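# Inside the fold
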Amino acid sequence: MHEFVVAAAHLFLGAVCAVCGAPGWGACFVCRSAIEQAVPHEVRRTGLDMPLIAANDYRPQMEKLVPVFKDDGALQLAPLLSRRLALAAGCLDVPKGTCLVPVPSLRSAVRRRGLDHSAMLAASAARRLKLPWRAHLRRDLRGLDQRSLGAADRQLNVEASMRARGNPGAVVIVDDICTTGATLIEAARALKAAGAIVLGAAVIGDADRHSDTPTADFHPSRSRS
Ligand SMILES: [Zn+2]
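Residues numbered from 1 in each chain as written. Predicted model: local features only at pLDDT ≥ 70, side-chain atom pairs only at ≥ 80, totals over all residues. Heavy atoms only, no water.

### Topic: the sheet that holds strand β2 (residues 52–59)
The mixed open sheet is built from five strands, whose spatial order is β1-β2-β7-β6-β3. Taken across any chain shown, the strands that pair with only one partner, and hence form the sheet edges, are β1 (41–42) and β3 (99–102). Bridging between β3 and strand β6 (residues 170–178) involves four bridges; their strand directions are parallel. What sits directly across from L100, in β6, is V172. Helix-sheet contacts for helix α3 (residues 62–71) involve β2, β6 and β7 (197–210), and the interaxial angle to β2 is about 100 degrees. Packing against the sheet, helix α4 (residues 78–90) makes contact with β2, β6 and β7, and its axis sits at approximately 125 degrees to β7. (Pairing = 2+ DSSP bridges. Helix = DSSP H or I, 4+ residues; strand = E, 2+ residues; numbered from the N terminus. Contact = heavy atoms within 4.5 Å. Axes fitted to C-alpha atoms, helices over the stretch in contact; angles between N-to-C directions.)

Here is the structure:
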């Protein structure tokens, strides 16, 4: 069925894979398979004091797919990306009832895109894991888009830039890409300040890794997805 949809999309819409340019609806069969076969790995960043799992390396696929999904409205990538996020979060093997909390998108980005992609991925990953999710975090208006900043400026830009609402309880923070880790560190700080127990974090892509970088993989022996 998927092959038929891809062929029809290519024929009528000229749909091509966002990664390699071959005919594809969002991602071609080859790129999709490479993404699905990647083994999640543990990510370390200075100042990060919780387990963090990434489903995939950043390059070559995620650096193309995530921006196309978020900025170009390629919503057909949502099932693939949320499946990867669920796989990473499932590796943390958290207790039943643990809440997935998305790193909030900038309000300006949500307005521009007309959709909150972070919330969409968190909701979908939570459904797959049979866990609840909730948008406990809010960003201050002063936060700039991290993508335009270097490592030191990223740290300054996010410090004390989030606050948590409600009674979060036990949580796992979820986000699309981990770059310096500054955003996840700030998210954890804000959640802990609201009384949350932060069990870990999960992301789709690890911006420090490309698929030719050998490091120890995380083996999801008890993964639930
Ligand atoms: Zn491709």
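### Considering the nonpolar core
Core analysis: the biggest nonpolar cluster contains 38 residues, and M62, L65, L77, L81, L85, L100 and V174 have the highest contact counts within it. Secondary-structure elements contributing two or more residues to this core are α2 (29–37), β2, α3, α4, α6 (117–129), β6 and β7. Take this core: its biggest share by element is seven residues, from α4. For M62, the residues in contact, after removing those within four places along its chain, are I35, N56, D57, P67, L81, I177, I204 and G205. (Core = buried A, V, L, I, M, F, W, Y, C linked by side-chain atoms within 4.5 Å. Buried < 20%, exposed > 50% of the residue type's maximum accessible area, 1.4 Å probe, protein only.)

### Some details on the coordination of the zinc ion
Donor atoms from the polypeptide that bind the zinc ion are C17 (SG), C20 (SG), C28 (SG) and C31 (SG), placed at 2.3 Å. Note on C20: relative accessible area 46%, which makes it partly exposed. On the accessibility criterion, C31 (8% relative accessible area) is buried. (Donors = N, O, S within 2.8 Å, 3.2 Å for Na, K, Ca; no water.)

### Observations regarding the pattern of salt bridges
Pairing between side chains of opposite charge can happen when the charged atoms of each approach one another. Scanning the model with the defined rule gives nine salt bridges in all. With its nearest N and O atoms 2.5 Å apart, the salt bridge here joins R83 to E36. Of this pair, R83 sits in helix α4 while E36 sits in helix α2, placing them 47 residues apart in sequence. One salt bridge in this structure joins D206 and R45, with 2.7 Å as the shortest N-O distance. (Salt bridge = Lys/Arg side-chain N within 4 Å of Asp/Glu carboxyl O.)

### Things to note about the packing of α4 against α6
Following both chains from N to C, one finds α4 and α6 inclined at 60 degrees, their axes separated by 8 Å at the closest point. Accordingly, the angle class assigned to the pair α4 and α6 is oblique. In this structure, α4 meets α6 at a crossing whose hand is right-handed. Where α4 approaches α6, its residues A78, P79, L81, S82, R83, L85, A86, A89 and G90 are matched on the opposing element by M120, L121, A122, S124, A125, R128 and L129. (Parallel < 35°, antiparallel > 145°, perpendicular 65-115°, else oblique. Left-handed = near helix turned anticlockwise from the far one by under 90°.)

### Comments concerning the packing of α2 against α4
Between α2 and α4, the least distance of the axes is 10 Å, while the angle of their chain directions is 15 degrees. Overall, the two elements α2 and α4 adopt an arrangement that is roughly parallel. The handedness of the crossing between α2 and α4 comes out as left-handed. Contacts from R32, I35 and E36 in α2 reach L80, R83 and R84 in α4. Per-class residue counts for the contact of α2 with α4 are two nonpolar, no polar and four charged. (Nonpolar A, V, L, I, M, F, W, Y, C, P; charged D, E, K, R; others polar.)

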